[in-house]
Amino acid sequence: MPSIRVAVIGVGNCASALVQGVTKSKENGGGLEGLSFEKLGGYSPSDIEFVAAFDVNKQKVGHDLGEAIFAPPNNTLKITSGLKLGVEVKRAPVLDGLGKYLKEMITVDERPEVDVAAALRESRADVAINYVPVGSERAARFYAEECLKAGVAYVNAMPTFIASDPEWEKKFRERGVAIIGDDVMSQFGATVLHKTLARLMVDRGVRLKQTYQLNVGGDTDFANMIEESRLKTKRISKTSAVQSLIPYSVPTRIGPSDYIEFLENRKYAYIMLEGTYFGGAPVKLELKLEVWDAYNSAGVMIDAVRAAKLAKDRAVSGAVTSAAAWTMKHPPIQMPYEEAKRAITEFAEGKRER
Ligand SMILES: NC(=O)c1ccc[n+]([C@@H]2O[C@H](COP(=O)([O-])OP(=O)(O)OC[C@H]3O[C@@H](n4cnc5c(N)ncnc54)[C@H](O)[C@@H]3O)[C@@H](O)[C@H]2O)c1
């Protein structure tokens, strides 16, 4: 297969896990542990090639992407070392990328910002992944525009609504560019678990009364999300993913709850669902999930990137709804996970247009 030329916008923990995972896959001759699809439409993880990277942090800009992924404040697991990818991290415009807390943790590089669309064109990227912090509404839209200008498929990993906004989706459709978004849904994370359990309880006749999901972590994503004003779309994205599978209204509270520095990139999620079943008898489920957050998103991102490349190969523009339902929390069309898996499989096999 030809390679999939990928640009990363925001060289944080998620980019680190993705770059390290793909590198491991190349070392293993193509395979990679822990993926839902070893091959998707013929593409393997090792077909991914990183061709451009953008950030604002002084400790990352100007460095090789293979080194920048280990620069602080990144703090996810290290599964590779001595990486040199020959891709220099370029100085991106800051826009609203750094909130109150990240401004205290990150020193912005002083060199002038690059022309992102021109850099994307020059890199001949097929797909760009938007990994900027939650609440970077202007930045997410700016990068969407740059991808439209450069004709690069856009995978929106964060919860600014672009693929799921009909106006924006139309722009991508009209300009002949594919988009997959919004807000990546981790492989075995709190969202897929919560929505699947809610659906199971409903399907088994439980009348759900109330539910919550509290999340804590110790990385910059969680530090940034203490700022409640940046969280609006994240709460909507996480909450709607669960509510979409419950056919009636249930009091629900879902979101990031605190920053605990020593957890590093580990995330702990606490999920509670309660209701009644036969005879009005009460039932309650509580669980705790512990994961390495960035790695939880990277495998799914490999699926999103491969689907975006397939869309490009087939000149499919606008939202790739099957892949979005499988890989994202807030896709244009929500599906239970088994239906989403069927849809992306059919798309990969060419049996479904998008
Ligand atoms: N499982 C997961 O980790 C997961 C799941 C769903 C969504 N997400 C989202 O994905 C995004 C990335 O997560 P992360 O853990 O890598 O975050 P992170 O904080 O580690 O990385 C964000 C990076 O973006 C850079 N940045 C800030 N402003 C920028 C700008 N204007 N242009 C370019 N770069 C800029 C920062 O310097 C940093 O390197 C976040 O929005 C997060 O909420 C992650």
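Quick caveat: nothing in here was measured; it's all calculated off a predicted structure. (Residues numbered from 1 in each chain as written. Predicted model: local features only at pLDDT ≥ 70, side-chain atom pairs only at ≥ 80, totals over all residues.)

Draft legend 1. Structural detail: helix α1 (residues 13–27). Taking 1.5 Å of rise per residue, the 15 residues of α1 would be expected to cover 21 Å, and the 21 Å separating its terminal C-alpha atoms lies within 8% of that figure. Every buried residue belonging to α1 is among N13, C14, A15, S16, A17, L18, V19, Q20, G21, V22, T23 and S25, and all of these are buried. Where α1 is buried, its residues meet β1 (4–9), β2 (48–55), α2 (65–68) and α10 (293–313). Once α1 ends, the next one or two residues include G29, with phi positive near 75°. (Helix = DSSP H or I, 4+ residues; strand = E, 2+ residues; numbered from the N terminus. Expected span 1.5 Å × (residues − 1). Buried ≥ 20, exposed ≤ 12 C-beta atoms within 10 Å, placed from the backbone. Contact = placed C-beta atoms within 7 Å.)

Draft legend 2. The domain arrangement of the chain, seen in detail. When its domains are assigned, the chain resolves into domain 1 (4–185 + 295–348) and domain 2 (190–293). Computed from C-alpha coordinates alone, the two centres of domain 1 and domain 2 are separated by 25 Å. Listed per partner, the contact involves 27 residues of domain 1 and 27 residues of domain 2. For the side of domain 1 that touches domain 2, the elements supplying multiple residues, two or more each, are α3 (100–105) and α10. (Domains from an automatic or database assignment.)

Draft legend 3. Looking closely at the site of the ligand. Surrounding the ligand, one finds 37 residues, the nearest of these being G10, G12, C14, G97 and M158. Contributions of two or more residues to the shell around the ligand are made by α1, β2, α8 (220–224) and α10. In terms of residue count, α10 provides more of the shell around the ligand than any other element does, 4 residues in total. Per-class residue counts for the shell around the ligand are 21 nonpolar, 11 polar and 5 charged. (Near = placed C-beta within 6 Å. Nonpolar A, V, L, I, M, F, W, Y, C, P; charged D, E, K, R; others polar.)

Draft legend 4. Looking closely at the sheet that holds strand β8 (residues 252–259). Spatially, the 4 strands line up as an open sheet ordered β8-β7-β9-β10, and their pairing is mixed. Each edge of the open sheet is held by one strand with a lone partner, namely β8 and β10 (282–292). In this sheet, adjacent strand axes meet at a mean angle of 10° when their direction is disregarded. The pairing of strand β9 (residues 266–276) with β10 spans 11 bridges and is classified as antiparallel. Following the sheet pairing, E274 is matched in β10 by K284. Along the sheet, helix α7 (residues 190–203) makes contact with β7 (207–217), β9 and β10, crossing β9 at roughly 15°. Along the sheet, α10 makes contact with β7, β9 and β10, crossing β10 at roughly 90°. (Pairing = 2+ DSSP bridges. Axes fitted to C-alpha atoms, helices over the stretch in contact; angles between N-to-C directions.)

Draft legend 5. Up close: the pairing of strand β4 (residues 127–130). Residues V127 and I129 line one face of β4 and the alternating positions A128 and N130 line the opposite face, and both faces are buried. Summarising the sheet, β1 and β4 pair through 4 bridges and their orientation is parallel. In the sheet register, A7 faces β4, and the bridge partner there is A128. As defined by bridge partners, β4 adjoins strand β5 (residues 153–156) across 4 bridges and the pair is classed as parallel. Along β5, the bridge assignment pairs A128 with Y154. Viewed along the sheet, the connection from β4 through helix α5 (residues 137–150) into β5 turns out right-handed. (Right-handed = clockwise from strand over helix to strand, strands pointing away.)

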